[in-house]
Amino acid sequence: MLCYQCEQTRRAVPTLGCVGPTGTCGKEATTSDLQDILIYQLIGLAQYAVAARARDIVDVDLNDFILHGMFTTLTNVNFAAARFVTLIRDAADRRDAIRARLDGVALDGPAAFTPGETMDALLAQAPALRVDRDQPTVGPDATGLTVLILYGLKGTCAYAHHARVLGCRDPEVDAAILDHLARLATPSADLEDLLARALSVGEVNLKVMDLLDRANTGAFGAQTITEVRVQPRAGKALLVSGHDLHDLKTILEQTRDQGINVYTHGELLPAHAYPKLKGYPHLAGNYGGAWQDQQREFATFPGAIVLTSNCLIEPDRSYRQRLFTTGPTGWPGVRHIADGNYAPAIQAAKALPGFRETEGDQTITVGFGHHTVIGLAETVVAAVKAGAVRRFFVIGGCDGAKPGRNYYTELADRTPADTVILTVGCAKYRFNKQDHGQVGGIPRLLDMGQCNDAHSAIKVAGVLADAFGCGVNDLPLSLMISWFEQKATAVLLSLLAAGVKGIHLGPSLPVYLTPTLLQVLVDRFDLKVNGTPEDDLARALAS
């Protein structure tokens, strides 16, 4: 195996990336190799889908399969080798079916790939299909940009999948994703072209995040300011983790009047801000923090647990038998709910003790999506013009367990009292239970939602820029972004595509960004590598 798609990848010179029997995330080499095969097939499927569209043949089910398949290969999503064997067989059948619809048109490259019949045969094919397979001919810089495109597409497909399960799709987005994926079939050494394609992926992801925002708002209402309990109530308990609001809604419906309190975890905290979700009286609060703490937090949770969409790590034996996966997630030996019927998890919650007593009444505030913050725009602008607010800091993104994440806690703690913190993603758990007070008539900490709600931050920045008659890069705004996996990669590309400059990215940079590529990003986008919280804060306040 070779995997370097996430921030926690091994960085031992000369081999950058996770190699050997397992990756840092716990993914076994067999699973990683099967994922490489599936990605290669999905590129081939995209080749045929693009050819079919040229003949006005649009296979929506094939598009959905590609989005789902890409999602399964993200970091901390699916670790079950058997599921990937099934997906590989399904991909081959779908390729044959669409090829037949094209009167047997034969495309080359990934489109012509035939997977081996046995596991040994599949694994023998995998080394030739690694993400760095073309490096001997195109070089490390072109390889780095190519994988940046691929990983950005993975994140974009994941967000599009979230929108799709809520019934929202955009034919232009589908066509753009397929086109970008199909173009990966042909190796390129043209750095300018590859960089342009990477930014184009960012533009597509902007559209996808907007689509997902409209899907969430259409299904659940616009976010409103909400106090969320972070201490449990007495009673039977079911914990829902991951990202998928649709899955949470389904679980809330199926647990209605069942005597079970439902709690959110991780990136589902913002669910409490949506009117049609917080309207369920048994949505009892948020339990725990970010995904990387789940082994400790799940072990102490006295009920059933459902892991939706992503951010799964190896389940401890103490809770493995009461954990359920759904959607693209999976772990060998963990029960998977594929049909949307959560009866097994509900039965488990009823059989488990739940919380014996109600604890305290501590809350945190959520609900500062773009509808809310734009509604406060006059107050915000007035506070800036009056000198009450000096600067805005976007401190957010994907969190992780690797040392160095305390940078964001220290940064938030050190921001002056006349500044405002906007946060998205699970990095908020580094500082969201601390009291940051108020400034200029608004809270100093504004939780805008999930990682995809970076779209909200971009919208708000645009509104503020219009109000001040300047460009976004002229605002008193600093972006201190924590990246971890491929959704964050897609968001970064979206920010760059939107023309945002001066982003601080950390705690460490992707290993596939060669020194040459890093310099390009520094020169063109003023990308900054994290220093110390003190130094970075001082530079931001002085700008």
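Residues numbered from 1 in each chain as written. Predicted model: local features only at pLDDT ≥ 70, side-chain atom pairs only at ≥ 80, totals over all residues. Heavy atoms only, no water.

1. Some remarks on helix H11 (residues 343-351)
Phase 1 of the analysis: Regarding H11, the residues found buried are Ala-345, Ile-346, Ala-348 and Ala-349. Across the axial projection of H11, the buried residues extend over an arc of 160°, all falling on one side. Seen from the buried face of H11, the exposed residues on the opposite side, beyond 90 degrees, are Gln-347 and Ala-351.
Phase 2 of the analysis: Those residues of H11 that are buried are in contact with strand E2 (236-241), helix H8 (245-254), strand E3 (260-264), strand E5 (304-308), strand E6 (323-326) and strand E7 (335-337). (Buried < 20%, exposed > 50% of the residue type's maximum accessible area, 1.4 Å probe, protein only. Helix = DSSP H or I, 4+ residues; strand = E, 2+ residues; numbered from the N terminus. Arc of directions from axis to C-beta. Contact = heavy atoms within 4.5 Å.)

2. Quick look at the sheet that holds strand E9 (residues 391-397)
Phase 1 of the analysis: Strand order in the open sheet formed by 6 strands is E13-E10-E9-E14-E15-E16, with parallel pairing between adjacent strands. Single-partner strands in this sheet number two, and they are strand E13 (445-449) and strand E16 (528-529).
Phase 2 of the analysis: Relative to E16, strand E15 (residues 504-506) runs parallel, the two sharing 2 bridges. The partner of His-504 across the bridge, within E16, is Lys-528. (Pairing = 2+ DSSP bridges.)

3. Thoughts on the packing of aromatic side chains
Phase 1 of the analysis: Tallied over the full model, the rule gives 13 aromatic pairs.
Phase 2 of the analysis: With a centroid separation of 4.4 Å and 45° between ring planes, the pair formed by Phe-79 and Trp-331 is classed as tilted. Taken as a pair, Phe-79 in the loop between helix H2 (60-72) and helix H3 (81-101) and Trp-331 in the loop between E6 and E7 lie far apart in primary sequence, 252 residues in all.
Phase 3 of the analysis: With a relative accessible area of 10%, Trp-331 lands in the buried category.
Phase 4 of the analysis: Between the aromatic rings of Tyr-151 and Tyr-512, the centroid separation amounts to 5.3 Å while the plane-to-plane angle is 70°, which identifies the pairing as edge-to-face. Placement of the pair is Tyr-151 in helix H5 (residues 135-165) and Tyr-512 in the loop between E15 and helix H17 (515-525), with a sequence separation of 361 residues.
Phase 5 of the analysis: We classify Tyr-512 as buried; its relative accessible area is 3%. (Phe/Tyr/Trp six-rings, centres within 6.5 Å; stacked < 30°, edge-to-face > 60°.)

4. Considering the nonpolar core
Soluble, globular proteins show a tendency: their nonpolar side chains are buried together.
Phase 1 of the analysis: Judged by nonpolar contacts, the single largest core of 149 residues is most densely connected at Leu-42, Met-70, Leu-181, Leu-238 and Ile-503.
Phase 2 of the analysis: The element that contributes the greatest number of residues to this core is H5, accounting for 13 residues.
Phase 3 of the analysis: Once residues lying within four places of it in the same chain are set aside, the contact partners of Ile-503 are Leu-479, Ile-481, Leu-492, Leu-495, Leu-496, Asp-526, Leu-527 and Lys-528.
Phase 4 of the analysis: Among the nonpolar cores identified, the runner-up in size contains 17 residues, and Phe-79, Leu-239, Leu-323 and Val-334 belong to it. (Core = buried A, V, L, I, M, F, W, Y, C linked by side-chain atoms within 4.5 Å.)

5. Examining the pattern of salt bridges
Phase 1 of the analysis: Taken as a whole, this structure holds 27 salt bridges when the rule is applied.
Phase 2 of the analysis: A salt bridge links Arg-169 to Asp-64; the shortest N-O distance between them is 3.2 Å. On the criterion of sequence distance, the pair formed by Arg-169 in the loop between H5 and helix H6 (171-183) and Asp-64 in helix H2 is long-range, its members being 105 residues apart.
Phase 3 of the analysis: For Arg-169, a relative accessible area of 35% translates into the label partly exposed.
Phase 4 of the analysis: Classification of Asp-64 as partly exposed rests on a relative accessible area of 22%.
Phase 5 of the analysis: Note that Asp-418 is salt-bridged to Arg-390, the shortest N-O span being 3.2 Å. (Salt bridge = Lys/Arg side-chain N within 4 Å of Asp/Glu carboxyl O.)

6. Comments concerning the pairing of E9
Phase 1 of the analysis: Across the 7 residues of E9, 7 count as buried, placing the element largely inside the fold.
Phase 2 of the analysis: When E9 meets strand E10 (residues 419-424), the two strands line up parallel, connected through 4 bridges. Across the sheet, the residue bridging to Phe-392 is Val-420, located in E10.
Phase 3 of the analysis: Taken together, E9, helix H14 (residues 406-414) and E10 constitute a β-α-β crossover, and its handedness is right-handed.
Phase 4 of the analysis: Pairing of E9 with strand E14 (residues 477-482), which is carried by 6 bridges, proceeds in the parallel orientation. From the neighbouring strand, Gly-396 faces E14, where its bridge partner is Ile-481. (Right-handed = clockwise from strand over helix to strand, strands pointing away.)

7. Topic: the packing of H2 against H6
Phase 1 of the analysis: In the contact formed by H2 and H6, the axes pass within 11 Å of each other and the chain directions differ by 60°. In terms of orientation, H2 lies oblique with respect to H6. H2 and H6 meet at a crossing whose hand is left-handed. Taking contact as the criterion, the partners of Asn-63, Ile-66, Leu-67 and Met-70 in H2 are, on H6, Asp-174, Ile-177, Leu-178 and Leu-181.
Phase 2 of the analysis: Here the contact of H2 with H6 is composed, by residue class, of 6 nonpolar, 1 polar and 1 charged. (Axes fitted to C-alpha atoms, helices over the stretch in contact; angles between N-to-C directions. Parallel < 35°, antiparallel > 145°, perpendicular 65-115°, else oblique. Left-handed = near helix turned anticlockwise from the far one by under 90°. Nonpolar A, V, L, I, M, F, W, Y, C, P; charged D, E, K, R; others polar.)

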